[in-house]
Every structure is written in structure tokens, then in C-alpha cells.
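Secondary and tertiary structure notes
The chain contents come next:
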Amino acid sequence: AQTVTQSQPEMSVQEAETVTLSCTYDTSESDYYLFWYKQPPSRQMILVIRQEAYKQQNATENRFSVNFQKAAKSFSLKISDSQLGDAAMYFCAYHGTASKLTFGTGTRLQVTL
Amino acid sequence: DAGVIQSPRHEVTEMGQEVTLRCKPISGHDYLFWYRQTMMRGLELLIYFNNNVPIDDSGMPEDRFSAKMPNASFSTLKIQPSEPRDSAVYFCASSFEVGTGGSPSRETQYFGPGTRLLVL
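I will try to describe carefully the structure that is included in this document.

The rules we used
- Residues numbered from 1 in each chain as written.
- Chains lettered and ligands numbered in written order.
- Predicted model: local features only at pLDDT ≥ 70, side-chain atom pairs only at ≥ 80, totals over all residues.
- Heavy atoms only, no water.
- Phe/Tyr/Trp six-rings, centres within 6.5 Å; stacked < 30°, edge-to-face > 60°.
- Helix = DSSP H or I, 4+ residues; strand = E, 2+ residues; numbered from the N terminus.
- Buried < 20%, exposed > 50% of the residue type's maximum accessible area, 1.4 Å probe, protein only.
- Disulfide = S-S within 2.5 Å.
- Contact = heavy atoms within 4.5 Å.
- Buried area = accessible area lost by both parts, 1.4 Å probe.
- Polar contact = N/O pair within 3.5 Å; in protein donor to acceptor, adjacent residues only side chain to side chain.
- Nonpolar A, V, L, I, M, F, W, Y, C, P; charged D, E, K, R; others polar.
- Salt bridge = Lys/Arg side-chain N within 4 Å of Asp/Glu carboxyl O.

**Examining the packing of aromatic side chains**
As enumerated under the stated definition, the model contains 18 aromatic pairs over all chains in all. When the centroid spacing of 5.2 Å and the interplanar angle of 75 degrees are considered together, the rings of tyrosine 37 of chain A and phenylalanine 111 of chain B count as edge-to-face. Here phenylalanine 111 of chain B lies in strand S10 (residues 110–111) and tyrosine 37 of chain A lies in strand S5 (residues 33–39), a pairing that spans two chains. Taken as a pair, tyrosine 37 of chain A and phenylalanine 111 of chain B share a single burial class, namely buried. Taken together, the ring pairs connect Tyr33, Phe35, Tyr37, Phe91 and Phe103 of chain A together with Tyr31, Phe33, Tyr35, Tyr48, Phe91 and Phe111 of chain B into an aromatic cluster.

This is how it looks when you write it as C-alpha cells:
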């Protein structure tokens, strides 16, 4: 079974600075998708970014980018120019041949002035 | 598009009562998922449907839980009888399959706002 590990329960970053959230996963599959979801206090799950495993190029979405290391099974999220609105729980998720998303335990990001 | 719609947003009930959670997926999406989020277990998939047909219900905790999808635009998750340990946030998500059939959808799942359930 696939597992997703987020080893940082909490992270803190100053406004305008850069922060990297870590995620590792375990799978025997070669074709899969990886996602980062954001969950603010409203509890809405919001897609931040996704990466197809067959693509070598790292995905980027404005201030959000990933460092996808397929061999190392690592999928970290970098947030540049952090804003107060980035404060939330961030979940890494794996989607393989089964339709379900397997989530990590989440990282709570605090953004300070 | 309005996105995935869930109702109610909050539900407080007493142990033993029946609870029905509702979901309207994004129009055109052919996959619908029900997830539960708790502090202890995190986010876990309960069941998912493809074209209104339940495909995998292995995550449904026990017989007290049931889910239906009578048509492409509506699904329910029912708990009868409810217990305090069912207290959680229940999410509905939908997605669509791109390309040929056979493989499950790998497309992005879009989540509803969730229903916060408290069973006293």
C-alpha cells in the first residue's frame, strides 16, 4: 500500500520569505500523480499544485513550486514571498492506479509579520 | 461553476439518530468521493462512485454507514444509528476521467466545503 509521510507537523515563515514543506511517499507504481492541498481554517480543501510522475519538469503555480525527486520519492512544496493568507494546513497526497487519494498527516504553516 | 456543494455545513445530533449528508458534484464529473477527516485518522476515503456506481466501499467503517448516488448530480452518505465516534468533518469530492476507460481517474479531485458532524 502507498504511504505518504509529512515529517514536519508545524512550520513557521516570515511574511515575504520562502518556506519549503517536505513530503515523501512510498510506492511500487511508476505512473502516479502527486498533489499539494491547502486547508485554511475554513476547512475547505483547496488544490495548490499537482505533478505528474512521468513529467521531469517540476510544476509551478505562481508563488508555489515543487521539487519532485522521483528516485528519492520526494515531493516538496516551496512557497515564495509568503503571505498571511498562506497560513493553513498543507497536505501532500498521492494518486496512483487506485482512484483514492492517500494523504499525509499535514503540515501546519504559520506566517508571521 | 459553483463547485462541489455539500449540505448541511454543520450538523449536531444525538447518539442513535440518523444523519444524512448530501453532495452535489461538479457538473460533468463522473467520479464522486466521500472522505472523512478526524484528528486521530486524518483524511480517509470512505467510498467512491464512477458513473453513479459504487466502485470501492472498503473504507466504509461499518454497516451503520451507507452511501447512494441515484443520479449524476446527487449523492448521500447516511449514518444510522450515529455514534459519538462518528464526529468528524465529511468531505465530498468529484473529478472526471480523461482519456480512455479502464484506468481510474487520475485527474484532480475538487473538494466541497465539508460537513462538520457532531454526535453527542
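**Looking at the state of the cysteines**
On inspection of all chains with the given rule, the structure shows two disulfides over all chains. The disulfide partner of cysteine 23 of chain A is cysteine 92 of chain A, and the S-S distance across this bridge is 2.0 Å. Judged by the torsion about the S-S bond (-70 degrees), the cysteine 23 of chain A/cysteine 92 of chain A disulfide is left-handed. Of this pair, cysteine 23 of chain A sits in the loop between strand S3 (19–21) and strand S4 (24–26) while cysteine 92 of chain A is found in strand S10 (residues 88–95), placing the two residues 69 residues apart along the sequence. Between the sulfur atoms of cysteine 23 of chain B and its disulfide partner cysteine 92 of chain B the distance amounts to 1.8 Å. Judged by the sign of its S-S torsion, about -65 degrees, the cystine formed by cysteine 23 of chain B and cysteine 92 of chain B is left-handed. With cysteine 23 of chain B in strand S3 (residues 19–24) and cysteine 92 of chain B in strand S9 (residues 88–95), the pair connects residues that are 69 residues apart, well separated along the chain.

**Here's the deal with the interface of chain A and chain B**
Residue-level contacts link 20 residues of chain A with 19 residues of chain B. With both sides pooled, the region where chain A packs onto chain B buries about 1800 Å², and carbon together with sulfur makes up 51% of that total. For the interface between chain A and chain B, the tally reads six residue pairs in polar contact (both at pLDDT 80 or more). Mapped onto the side of chain A that touches chain B, the elements with two or more residues apiece are S5, strand S6 (46–52), S10 and strand S11 (101–103) of chain A. It is S5 of chain A that contributes the most residues to the side of chain A that touches chain B, four residues altogether. Counted by class, the side of chain A that touches chain B contains ten nonpolar, six polar and four charged residues.

**Things to note about the pattern of salt bridges**
For the structure shown, the criterion picks out twelve salt bridges over all chains. Across the salt bridge formed by glutamate 52 of chain A and lysine 55 of chain A, the nearest N and O atoms sit 3.8 Å from each other. By relative accessible area, glutamate 52 of chain A is classed as buried at 8%. Lysine 55 of chain A gets classed as partly exposed once you look at its relative accessible area, which sits at 37%. A salt bridge links arginine 64 of chain B to glutamate 83 of chain B; the shortest N-O distance between them is 3.5 Å. Residue arginine 64 of chain B is located in the loop between strand S6 (53–56) and strand S7 (65–71), and its partner glutamate 83 of chain B is located in the loop between strand S8 (74–79) and S9; the two are separated by 19 residues in the primary sequence. Residue classification places glutamate 83 of chain B among the partly exposed residues on the basis of a relative accessible area of 24%.

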